[in-house]
Amino acid sequence: MDTPVEKKKVMLSGIKPTGDLTLGSYLGAIKNWAERAEQYDCYYFMADLHALTTRNNPADLRRRTLEQLAQYVACGLDPQKNTLFIQSHVPQHAELGWILNCYTMFGELSRMTQFKDKSAKNADNINGGLFTYPALMAADILLYQPDYVPVGEDQKQHVELTRDVAQRFNNLYGETFRMPEPFIPKVGARVMDLLDPHSKMSKSDEIGNGRVCLMDDPADIMRKFKRAVTDCDTERCVRYDPENKPGVANLMSIYSAVTGKSFAEIEAEFEGKGYGAFKPAVGEAVVETLRPIREEATRIIKDKAYLEAMCRDGAERASYIAEKTLRKVRKKVGLVAK
Ligand code: TYM
């Protein structure tokens, strides 16, 4: 008798190709993804449609989308074991996005903190897409019926809204979407800016000294860590206290995420040494983590044929699954079959 093959759980996540991928994107997202390929059926994509909610130089957006995809692969995401694709290559995202817009409430969208933050920062371009962004994100997720959506802390609210929209739809039309769970890493969920440990390390930050990018060269990385703000407490010792010593806590989280050492081990390692020894040690550990990624990404970016074939193959696989879900949705809401 055949033993039943257990179906792998599904995981899905996306990254907007705006700005440059940072240590935050790596520790908060990609690193965790790369470790899961054997255990889960994984879908990862470049959220280029989401990037249109802010103004971009078109040539830059195109280049970034491909470069960041190359960086995904260099971070360890194997395109044979994961489905990697570009969001706009799978038109089902835009179609389900529109449909789910009609099942997402104005009040819900108005409460999203990312919308509030972004509209404060882009007061001259508060467009409809920025407002309805979470409905498209819900579509991105629900098309693939994932069990888990690995994201950093800042995207949790959007995944929760996705669950509310899925529940509303299922209540109206019967079981259609699986309820996804946000999956937030314990370490690296919130990598903070090196110069302002109260705000997250952001890709789109224009002044670059508080953030470390995956493609930064080692000298730049060391300079940024040496200048990182520590705290103006009198004890000047390396101790994990996010409330009173947010700068040191952020550096400790980064060091812990790249070396695998616990906070207690880090405190012991730097006991009596002060910040002068600690900051370059964090810098060096980050340099060594990012070096192979930078080298491999540089190699892949030059191989245009490989990248194009990977995008085509990923979009084809993604589209097959997405269409299955969308076919059900079209029928349930009353659209005429083609
Ligand atoms: P985005 O592009 O802003 O960020 C991509 C992922 O990286 C995480 N992240 C961080 N984690 C820890 N510390 C940081 N400093 C940091 N910066 C970024 C984010 O939480 C995110 O997981 N809307 C999404 C993209 C998206 C998406 C989706 C994600 C579109 N559709 C569907 C999941 C599922 C965004 O703008 O992420």
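Nothing here was measured: the structure is a model prediction, and the numbers come from that model.

Undergrad: Can you walk me through the site of the ligand in this structure?
TA: The local shell around the ligand holds 27 residues, among which Lys16, Tyr133, Asp140, Asp154 and Lys203 are the closest. Within the backbone of glycine 152, an N or O atom sits 2.8 Å from an oxygen atom of the ligand. Between aspartate 154 and the ligand, the recorded distance is 2.5 Å, taken from a side-chain N or O atom to an oxygen atom. Protein contact buries 98% of the 710 Å² of open area that the ligand shows by itself.

Undergrad: Explain the nonpolar core to me, please; I cannot follow it from the model alone.
TA: Within the largest apolar cluster, 55 residues are counted, with the highest numbers of intra-cluster contacts made by Ile30, Tyr72, Phe225, Phe278 and Val286. In terms of residue count, the dominant contributor to this core is helix H12 (residues 274–302) (eleven residues). When residues of this core are assigned to domains, at least three fall in each of domain 1 (9–184 + 303–333) and domain 2 (218–298). Those residues in contact with phenylalanine 225 that sit more than four places away from it in its chain are Leu23, Leu194, Val212, Leu251, Ile254, Lys279, Val282, Gly283 and Val286. Listed in part, the 37 residues of the second largest apolar core include Ala47, Leu109, Ala139 and Leu143.

Undergrad: I would appreciate a short explanation of the domain arrangement of the chain in the present structure.
TA: Reports often express the size of an interface as the amount of accessible area lost when the parts come together. Domain boundaries assigned for the chain yield domain 1 (9–184 + 303–333) and domain 2 (218–298). Here the C-alpha centre of domain 2 lies 31 Å away from the C-alpha centre of domain 1. Each side of the interface is counted separately: domain 1 has eight residues, and domain 2 has ten residues. Of the roughly 680 Å² buried at the junction of domain 1 and domain 2 (both faces included), carbon and sulfur atoms supply 86%. The largest per-residue losses of area from domain 1 upon contact with domain 2 belong to Leu23, Leu27 and Ala74, which jointly make up 61% of the total buried on that side. Counting across the domain 1 and domain 2 interface gives one residue pair in polar contact (both at pLDDT 80 or more). Elements represented by at least two residues in the side of domain 1 that touches domain 2 include exactly helix H1 (23–34) and helix H3 (58–74). Counting residues per element, the side of domain 1 that touches domain 2 draws most heavily on H1, at four residues.

Undergrad: What exactly am I supposed to notice about the side chain of lysine 224 here?
TA: Among the secondary structure elements, lysine 224 is positioned in helix H9 (residues 218–226). Each residue touching lysine 224, except ones within four places of it in the same chain, is listed here: Leu194, Gly208, Asn209, Arg211, Val212 and Asp216.

Undergrad: Can you walk me through the environment of leucine 136 in this structure?
TA: Here leucine 136 lies in helix H7 (residues 128–142). Note on leucine 136: relative accessible area 16%, which makes it buried. Each C-alpha atom of the pair leucine 136 and tryptophan 98 lies 7.4 Å from the other, and the pair is 38 residues apart in sequence.

Analysis parameters
Residues numbered from 1 in each chain as written. Predicted model: local features only at pLDDT ≥ 70, side-chain atom pairs only at ≥ 80, totals over all residues. Heavy atoms only, no water. Near = heavy atom within 4 Å. Polar contact = N/O pair within 3.5 Å; in protein donor to acceptor, adjacent residues only side chain to side chain. Areas by Shrake-Rupley, 256 points an atom, 1.4 Å probe, with all protein chains shown as cover. Core = buried A, V, L, I, M, F, W, Y, C linked by side-chain atoms within 4.5 Å. Buried < 20%, exposed > 50% of the residue type's maximum accessible area, 1.4 Å probe, protein only. Helix = DSSP H or I, 4+ residues; strand = E, 2+ residues; numbered from the N terminus. Domains from an automatic or database assignment. Contact = heavy atoms within 4.5 Å. Buried area = accessible area lost by both parts, 1.4 Å probe.

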